[in-house]
There are 2 protein chains.
Amino acid sequence: MELVTGGAGFIGSHLVDALVGKGKKVRVIDNFSSGRMEFLSHHNNNVEIIECDLLDFENVNKAMEGIETVHHLAANPDIRLGTEVTDTDLKQGTFATYNILEAMRKNNVKNISFASSSAIYGEAEEMPTTEKYGPLLPISLYGASKIASEVLITAWIGTFGGKAWIHRFANIVGPRGTHGVIFDFIHKLKKTPDRLEVLGDGFQEKSYMSVGDCVNSMLHLIENTNNDVNLFNLGTGDTCSVRRIAEIVVEESKFRNVKIEYTGGKRGWAGDVPKTFLNVDELLKTGFEPTRMSEETIRDCVIDLIDEIGLR
Amino acid sequence: MELVTGGAGFIGSHLVDALVGKGKKVRVIDNFSSGRMEFLSHHNNNVEIIECDLLDFENVNKAMEGIETVHHLAANPDIRLGTEVTDTDLKQGTFATYNILEAMRKNNVKNISFASSSAIYGEAEEMPTTEKYGPLLPISLYGASKIASEVLITAWIGTFGGKAWIHRFANIVGPRGTHGVIFDFIHKLKKTPDRLEVLGDGFQEKSYMSVGDCVNSMLHLIENTNNDVNLFNLGTGDTCSVRRIAEIVVEESKFRNVKIEYTGGKRGWAGDVPKTFLNVDELLKTGFEPTRMSEETIRDCVIDLIDEIGLR
């Protein structure tokens, strides 16, 4: 049986879909802080759902029984939150990962697949950024908690054995998205249809990947790489600017003559990395090919989210 | 006033000596888990000592009042402990660093100097290893907690401002040492003077630096570097093998005909990195020059510790 933490969340629920599609038995742990039961409701009773916070060690320990691989996706999804509440990423990121690893050790579960992030690179000098880039100087508490989790995992494997897949995600977008720039833009435009405020100068530029490609690449790597620690950037190998995203949101909405306004400054908020551009050569070498590049991914996502949020 | 966490410990107490020598007012926080009051007793009442665990946030917060720079050295000093107790490094490392940063934020303290470790590099492919080396795949929970602390610090500065010095220590040895290979060898030999057991094959090879050079280089970097984040390897630029250390301990002891026995295997215990070799070009470029290289450092340390432990 496979365990998906955060399995009722945005990426987690798509991963559950993919695992079920492969005929796997799936158990989900989610505290439903940002996950939603409706993201899993189409599975009826085929997926076991445990409502539980990962800080509740006793229940995490029970949930580990009979698990072959843990897909650890649970985390605070809102990078900006760290500028106001400083212990969320530490607890829901680092400490939660510790509990997962300790429960794995106690239940002799050997495999973990972990959702890391391009946020770990901070303002990298090397673009596109490879997995070997260092030193890692993240500027958000979210990025710090992702590195802390990565290295807890590698240390655990060095000390107790086992196997890990660490996926450093580009910005992942698609249906069921519950946060992020596209989600924010659509909600803003729904509220004030004549203007769209963009945080920063809009020249922020990041790698985007569709959630479908994301979960397929995660599973591809688990099946096709076999080191003790398998560490990969997951993305499309290109970027899209926030200005372009704002334009696409307006183009795909029913509104015309929308004034796009920029608050200025190179970053949207303290901890926002102005440019991320992941080198994904290592992923491509394993034989995985993303179906869509950044801009196409964004347009598809905008269309999906406009339908979900109701902007037409 | 300067705050030294772990100021009653091995390196911490030498740092207190150096700061007092520069005419600074010093406050120490220590939980005396491995620190000793006698390491500070020569300062009489010139150093303010707070007996407090860093997990006790209220008292950490109070201790931060009027502080200019925090020298954060407190941590579990025993790397091997993580193989048996899995939450010590997480709590006394990562979580303690969080409390320090949060208390700094609340008290508007802007400068932190942090004792990191070569353990973060894991089994690095690049030797000597530069600060830019990646990916960081530590194999000990101690190493994981040091990285987690490093990135919490850089994320904090990216989010809330301030200035950090991160020192990635080689193996630091000298008087008042309370753990480590030299300490262990001398105690073993005191117990069984006819034989000395070495964990592993003895070909483990690491960079060593004297504790005096260590604290002087820390203070040198604080005075001579001024980026938001200043990250440096601290060491001598050479290495010494565990076999050579065993020989030196025997040479400097009063015992003759000691049989040195090796338990075999390339590492002493799970989580032991067989070879560390720090590139210290960046440190040397700032004008700092270590007074002694690895082997001389070790011999001096052996002589000091044999006197302290009483092996002659």
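It should be emphasised that the depicted structure is a prediction, and the values quoted were computed from it without experimental measurement.

Examining the relation of the copies chain A and chain B
For these two chain copies, the linking operation is a rotation about an axis paired with a shift along it.
Move 1: For the pair chain A and chain B, the best superposition has an RMSD of 0.0 Å and corresponds to a rotation of 180° with a translation of 0.0 Å parallel to the axis. Such a turn and shift between the copies fits a two-fold axis. Every residue of chain A has its C-alpha some distance from the rotation axis, and the shortest such distance is that of Ala148(A), at 2.2 Å.
Move 2: Here 100% of the contact residues of chain A are again contact residues in chain B; the copies associate through an equivalent surface.

Re the confidence of the model for chain A
Move 1: For chain A, per-residue confidence averages 95 on the pLDDT scale, and 100% of positions sit at 70 or higher.
Move 2: For this predicted complex, the interface score ipTM comes out at 0.93, alongside a pTM of 0.94.

Digging into helix α5 (residues 181-191) of chain A
All names here are of chain A.
Move 1: Those residues of α5 that sit buried are Val 181, Ile 182, Phe 185, Ile 186 and Leu 189. In an axial view of α5, the angular spread of the buried residues amounts to 130°, which keeps them on one side of the axis. Of the exposed residues in α5, the ones pointing more than 90 degrees away from its buried face are His 187 and Lys 191.

Considerations on the sheet that holds strand β6 (residues 163-169) of chain A
Residue and element names in this part refer to chain A.
Move 1: Spatial strand order, β3-β2-β1-β4-β5-β6-β11: seven strands in an open sheet with parallel pairing. Strands with a single pairing partner mark the edges of an open sheet, and in this sheet they are β3 (47-51) and β11 (229-234). Within this sheet the neighbouring strands show an average axis-to-axis angle of 15°, counted without direction.
Move 2: Of the pairings in the sheet, the one linking strand β1 (residues 2-5) to strand β4 (residues 69-72) comprises four bridges and is parallel in character. Bridge pairing links Val 4 to His 71 in β4.
Move 3: Lying over the sheet, helix α3 (residues 88-106) contacts β1, β4 and β5 (111-117), oriented at roughly 175° with respect to β4.

Overview of unusual backbone geometry
Move 1: Cis geometry marks the peptide bond from Gly134(A) to Pro135(A); its omega dihedral reads -5°.
Move 2: Residue placement: Pro135(A) occurs in the loop between β5 and α4 (141-160).
Move 3: Omega for the peptide link from Met127(B) to Pro128(B) comes to -10°, which places this bond in the cis form.
Move 4: Turning to its location among the elements, Pro128(B) is positioned in the loop between β5 (111-117) and α4 (141-160).
Move 5: Its identity as a non-glycine residue notwithstanding, Asn44(A) has a phi of 50°, on the positive side.
Move 6: Using a count of 7 C-beta atoms within 10 Å as the deciding quantity, one classes Asn44(A) as exposed.
Move 7: Its identity as a non-glycine residue notwithstanding, Phe32(B) has a phi of 55°, on the positive side.

Re the nonpolar core
Move 1: In this structure, Ile182(A) and Ile182(B) are the most contacted members of the largest nonpolar core, which totals 185 residues.
Move 2: When sequence neighbours within four positions are dropped, the list of residues in contact with Ile182(A) reads Val173(A), Gly177(A), Ile245(A), Val249(A), Ile298(A), Cys301(A), Val302(A) and Leu305(A).

Here we look at the environment of Tyr208(B)
Residues and elements named next belong to chain B.
Move 1: Structurally, the position occupied by Tyr 208 is in strand β10 (residues 208-210).
Move 2: The spacing of Tyr 208 and Cys 240 is 32 residues in sequence and 7.3 Å in space, taken between C-alpha atoms.
Move 3: Those residues in contact with Tyr 208 that lie beyond four places of it in its chain are Ala 170, Asn 171, Val 173, Thr 236, Cys 240, Ser 294, Thr 297 and Ile 298.

Some details on the interface of chain A and chain B
Move 1: Opposite the 34 residues of chain A that make contact, chain B presents 34 residues.
Move 2: Among the secondary structure elements, those contributing two or more residues to the side of chain A that touches chain B are α3, α4 and β11 of chain A.
Move 3: For the side of chain A that touches chain B, the element with the most residues is α4(A), which contributes 11 residues.
Move 4: The residue makeup of the side of chain A that touches chain B, split by class, is 18 nonpolar, 12 polar and four charged.

Let's talk about the domain arrangement of chain A
Residue and element names in this part refer to chain A.
Move 1: The assigned domain composition of chain A is domain 1 (2-172 + 208-234) and domain 2 (174-206 + 238-276 + 292-309).
Move 2: Distance from the C-alpha centre of domain 1 to the C-alpha centre of domain 2: 26 Å.
Move 3: Counting from both sides, the interface comprises 25 residues of domain 1 and, opposite them, 19 residues of domain 2.
Move 4: Those elements that place two or more of their residues in the side of domain 1 that touches domain 2 are α1 (10-21), β10 (208-210) and α6 (211-224).

Criteria and thresholds
Residues numbered from 1 in each chain as written. Chains lettered and ligands numbered in written order. Predicted model: local features only at pLDDT ≥ 70, side-chain atom pairs only at ≥ 80, totals over all residues. Least-squares fit on C-alpha atoms with pLDDT ≥ 70 in both. Contact = placed C-beta atoms within 7 Å. pLDDT = per-residue confidence, 0-100. Buried ≥ 20, exposed ≤ 12 C-beta atoms within 10 Å, placed from the backbone. Helix = DSSP H or I, 4+ residues; strand = E, 2+ residues; numbered from the N terminus. Arc of directions from axis to C-beta. Pairing = 2+ DSSP bridges. Axes fitted to C-alpha atoms, helices over the stretch in contact; angles between N-to-C directions. Core = buried A, V, L, I, M, F, W, Y, C linked by C-beta atoms within 7 Å. Nonpolar A, V, L, I, M, F, W, Y, C, P; charged D, E, K, R; others polar. Domains from an automatic or database assignment.

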